[in-house]
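# Examining the three-dimensional arrangement
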Amino acid sequence: MALDIQRFIQRFIEEAADHLPRLREGVEALEQGDTHPERVNELFRAAHTLKGSSRMLKLTPITAVAHSTEELLSALRDGTQTATPDITGLLNQATDALSDLVNRLAQGASSAELPDADAQLCLALENAATGKPLPTAQPPSAVADDSAGIEKSAATPPTPQQPAPQELRLNDTVRVRLDRLDDVIRLMGEVLSGHHHLHSLVEQARLLGVSLPTDRQAPFNAFSRELKDSVLSQDGLMSDLHDRALQMRMLPLSVVFDPLSQMARDLANSLGKQVHCRVHGSEIELDRQMIDRLSDPLIHLLRNALDHGLETSDERQAAGKPIRGQLSLEAWQDGSWVVIEMRDDGAGIALATVRQKALTKQLLSEEQLLTLTEQETLELIFLPGFSTKPLITDFSGRGVGMDVVKRTVIDELNGDLRLTSHLGKGTSFTLRLPLSLAMMRVLLVKVGNVTLGVTAPYVSELVEHPSESFIDAAGQQTLILRNEFVPVVSLAELVGLPPSNVSQGNLLLLVVHQRHQKLALIIDALVDERDMVIKPLPTHLRHLPMVCGMVTQGRNTLVSLLHVPTLLEHSRRHTPRVQDTSDQPPRAHRILVVDDSLNTREIEKDVLEAWGYQVTLAENGRDGLNKALTDSFDAVLTDVEMPVMDGFALTASLRENEQYRYKPIIIITSREKEADRRRGIEVGADAYIVKGSFDQNNLVDTLKALLG
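None of the values given here were measured: they were computed from a predicted structure. Along each chain, residue indices are assigned from 1 in the same order as the chain's sequence is written. The predicted origin of the model limits local features to residues at a pLDDT of at least 70 and limits the giving and counting of side-chain atom pairs to 80 or more, whereas totals for whole chains, interfaces and linings rest on all residues. In computing side-chain properties, one takes all heavy atoms of the structure into account and sets aside hydrogens as well as water.

The secondary structure content of the chain amounts to 22 helices and 23 strands. For each residue, the accessible area found with a 1.4 Å probe, counting protein chains only, is set against the maximum for its type, and the residue is called buried under 20%, exposed over 50%, and partly exposed in between. Here the chain holds 708 residues, and the buried ones make up 49% of them. A total of about 34,900 Å² of accessible surface is found on the chain, and carbon and sulfur atoms cover 51% of it. Helix and strand definitions follow DSSP, with helices as H or I runs of at least four residues and strands as E runs of at least two, each counted in order from the N terminus. Here the accessible surface of atoms and residues is derived via Shrake-Rupley with a 1.4 Å probe, and residues count as covered only by protein chains that are part of the display.

Our next topic: helix α5 (residues 119-130). Expected span of a helix: the number of residues minus one, times 1.5 Å. End to end, α5 covers 17 Å across 12 residues, agreeing with the expected 16 Å (1.5 Å per residue, within 8%). What α5 keeps buried is the set Leu 121, Cys 122, Ala 124, Leu 125, Asn 127, Ala 128 and Ala 129. Contacts were defined at the residue level, with two residues in contact if any of their heavy atoms lie within 4.5 Å. Along its buried surface, α5 packs onto α3 (60-78) and α4 (85-106). Two N or O atoms form a polar contact when they lie within 3.5 Å of each other; inside protein one atom must be a possible hydrogen donor and the other a possible acceptor, and for residues adjacent in sequence the pair counts only when both atoms belong to side chains. Put simply, Asp 118 is the residue that caps the front of α5, since its side-chain oxygen is 3.1 Å from the backbone nitrogen of Gln 120. Phi turns positive one or two residues past the end of α5, at Gly 131, with a value near 90°.

Residues Glu 25, Glu 28, Glu 31 and Glu 42 make up a contiguous surface patch of negative charge. One can find Glu 28 in helix α1 (residues 5-31). Patch building starts from residues that exceed 30% relative accessible area and form no salt bridge, then joins like charges within 9 Å and nonpolar side chains (Val, Leu, Ile, Met, Phe, Trp, Tyr) within 5 Å. Salt bridges, as used here, are contacts in which a Lys or Arg side-chain nitrogen is within 4 Å of a carboxyl oxygen on Asp or Glu. Positive charge is attributed to Lys and Arg, negative charge to Asp and Glu, and no charge count is given to His or to the chain ends. Charged groups are reduced to one reference atom each: NZ for lysine, CZ for arginine, CG for aspartic acid, CD for glutamic acid.

Here two bridges tie strand β9 (residues 450-455) to strand β18 (residues 557-562), and the two strands are oriented parallel to one another. Bridge pairing in β18 links Gly 453 to Leu 561. Each pair of strands is called paired provided DSSP finds at least two bridges between the two strands. Two strands pair when backbone bridges link them, and strand β17 (residues 547-553) and β18 are joined in this way by six bridges, in the antiparallel orientation. Within β18, the residue paired with Met 550 across the bridge is Ser 560.

The next subject is the packing of helix α2 (residues 37-56) against helix α10 (residues 288-309). Convention adopted: a line fitted to C-alpha atoms gives each axis, helices being fitted over their contacting stretch, and angles between N-to-C directions are expressed from 0 to 180 degrees. Where α2 meets α10, the closest approach of the two axes is 11 Å, and the angle between their N-to-C directions is 70°. In terms of axis orientation, α2 runs roughly perpendicular to α10. For α2 against α10, the interelement crossing comes out left-handed. From α2, His 48, Thr 49, Lys 51, Gly 52, Ser 53 and Met 56 reach across to α10, where they touch Asp 296, Ile 299, His 300 and Arg 303. Its residues placed into classes, the contact of α2 with α10 shows two nonpolar, five polar and three charged. Working definition: roughly parallel below 35 degrees, roughly antiparallel above 145 degrees, roughly perpendicular at 65 to 115 degrees, and oblique for all remaining angles. By definition, any crossing whose near helix is turned counterclockwise from its far helix by less than a right angle is left-handed, and any crossing with a clockwise turn is right-handed. Note on residue categories: nonpolar means Ala, Val, Leu, Ile, Met, Phe, Trp, Tyr, Cys or Pro, charged means Asp, Glu, Lys or Arg, and polar means any other residue, Gly included.

Take the sheet that holds strand β2 (residues 275-280) next. Sheet architecture is open: five strands sit in the order β2-β4-β5-β7-β6, paired in mixed fashion. Whereas interior strands pair on both sides, the edge strands pair on one side only; in this sheet they are β2 and β6 (416-422). Between one strand axis and the next, the sheet turns by 10° as a mean value, whatever way the strands run. With eight bridges joining them, strand β5 (residues 337-344) and strand β7 (residues 426-434) adopt antiparallel strand pairing. Bridged to Trp 337 within β7 is Pro 434. Across the face of the sheet, helix α9 (residues 254-270) comes into contact with β2, β4 (325-334) and β5 while running at roughly 175° to β2.

If you trace the six strands from one edge of the open sheet to the other, you get β10-β14-β15-β13-β12-β11, paired in mixed fashion. Since the sheet does not close on itself, it has two edges, and those belong to β10 (459-466) and β11 (471-473), each with one partner. Across this sheet, the average inter-strand angle for adjacent strands is 40°, counted without regard to direction. Pairing analysis gives three bridges linking β11 to strand β12 (residues 476-481), with the strands arranged antiparallel. Paired with Ala 473 across the bridge in β12 is Gln 476. Across the face of the sheet, helix α18 (residues 598-610) comes into contact with β11, β12, β13 (484-490) and β15 (517-523) while running at roughly 80° to β13.

As a packed pair, α3 and α4 sit with axes 10 Å apart at the nearest point and diverge in direction by 155°. On the basis of the axis angle, α3 is roughly antiparallel to α4. Here the hand of the crossing between α3 and α4 comes out left-handed. Touching Pro 61, Ile 62, Val 65, Ala 66, Thr 69, Leu 72, Leu 73 and Leu 76 of α3 are Ile 87, Leu 91, Ala 94, Ala 97, Leu 98, Leu 101, Val 102 and Leu 105, all from α4. Residue classes in the contact of α3 with α4 are distributed as 15 nonpolar, one polar and no charged.

Turning our eyes to something else, we now look at the environment of Arg 249. Topologically, Arg 249 is positioned in the loop between α8 (214-247) and β1 (250-252). Each C-alpha atom, one on Arg 249 and one on Asp 182, is 8.3 Å from the other, the two residues being 67 residues apart in sequence. Excluding residues within four positions of it along the chain, Arg 249 makes contact with Leu 178, Leu 181, Asp 182, Ile 185, Leu 286, Asp 287, Arg 288, Gln 289 and Ala 438. Within the structure, Arg 249 has its side chain in polar contact with the side chain of Gln 289 (distance 3.4 Å).

Structure, rendered in structure tokens:
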């Protein structure tokens, strides 16, 4: 099927209409003295995205100007240049030139009809980036004249050689401005929230009827029943009307997937690589708001896959692979979520290279790197400025892109991002996104006198537990929930509210999660759970990291929605750690902790470090075995139930190695059966601790006894 290039160009015009105002505002801020690194980063990303998108569509003049602009912004970002008036003037000229070229496209010009990039401007931008003196002022360039020409031509009727487009032909569709559609959806949300308040009035009417004298209850009860029936009959209509309004803003993923498929081929050719791009699930629909924000992350992932992931034909042939690389872009629906996966069969990510780059860039110390699991090491690529490319090119190596992907997917789209990679076999990025950000399932909870909301995708469960069942793990209250240690924190303390009067009996715990990390929040009560319209934060409140939006409760009450990823991050810094310096081992023994639960690993690490041990973490048996054989540890603590390789297999494998034939191995698991204990002894474990009866002193005493 032939690709509609014009549709791709229209998509680029819409994208540029978002990035160009950012460039103008950013340069104006630089002129006013705002040189905050994030401001410069934002400018750099805008130019970087325009360059990448225009390159795919062979819009060469736009690519040239954007590339030269990116060079200068890169120098500002690195601190090798400062935002002098001459430099901001050049950036303004570059933005004008880009706007002019995009305007020509919007007026119907083809890529071949675009004028060449202003060579003097490009040279001046690149000279400024390297610190070379700027050329003397030139007469006003043709850009302004050309722009004026466009305005004149727009007012001139088409000549006979250019027949007028058939704008007046009746069609079965109506073009509506997106902001008007957004207004309709916003107003529908307000109506829906107001209608829900009627349910509370129905309940108030019922209670009022009970309090009336007996002779007046009958007529009032009849009125109350009619009011209730009327409200209930409107429920379905209101909900359906709002759903239909949202559907008007839904677009198929093909508007993003189709251009990416073309981009993949063009970019691969420019890199001297061959690729077959397979697209599946492009008919699945997402809210237009989601699609708009999804474009940049997917472009960054595509460029990453082609430049970093896929090998050249010669390299693939030498590795015994087909000459043509395989790139898969797939989407499917999973309940109220859409999952998008981009997968390649390239070289994969070398952990050693990632560690070395992290050390070189001083992102982490050697000691910190040793404590990371394989997965945590992989995810270092999402840090700002991180790149494994040894050389900066037009395509990559600047360390921009992957941090944008993570921030957009997790912070802006309330989604999740997973990375898996196997050396020599390929890499996969999996994005899990809600269908829409306009309406989501929300749990409203009470903390003291304050009501707060949490979106349902982040909620794991709601449980009641007596405070006596918590264990103390290095000063951290911890709940043993099935096979996992889950930290317990008061939500009031975490968000800075006055502490509530929590009884010492059963505590109500809201367990929230993001990927493998969980946190049990002490709350006072569950207020409500229903689909609610999400309102964005007003501009003056967008600096609040723990709040991601608002919902309306009742008629005029606004409730803050908590941003769970930020809560989880804050909880790690918030919790006090108790350092017990008494009776510590004379030498810092090195302990390897192996568990697939992030919470359990971290809590066991805190306990052991509080007693002076040096701890390294592994996320499954295979990861643990690799680290044990690569390094030397005095003891190993392992869970049993883990993916890839379980704890029994790990213990047996370690006992076959001369280095670990006699070193202590302790199994810590939720399995209580005698048969499991015997299995642990058979494979060579020295101790078997059940998580349900876990006591940190027992663990430390066991280690001391085994280490001597």
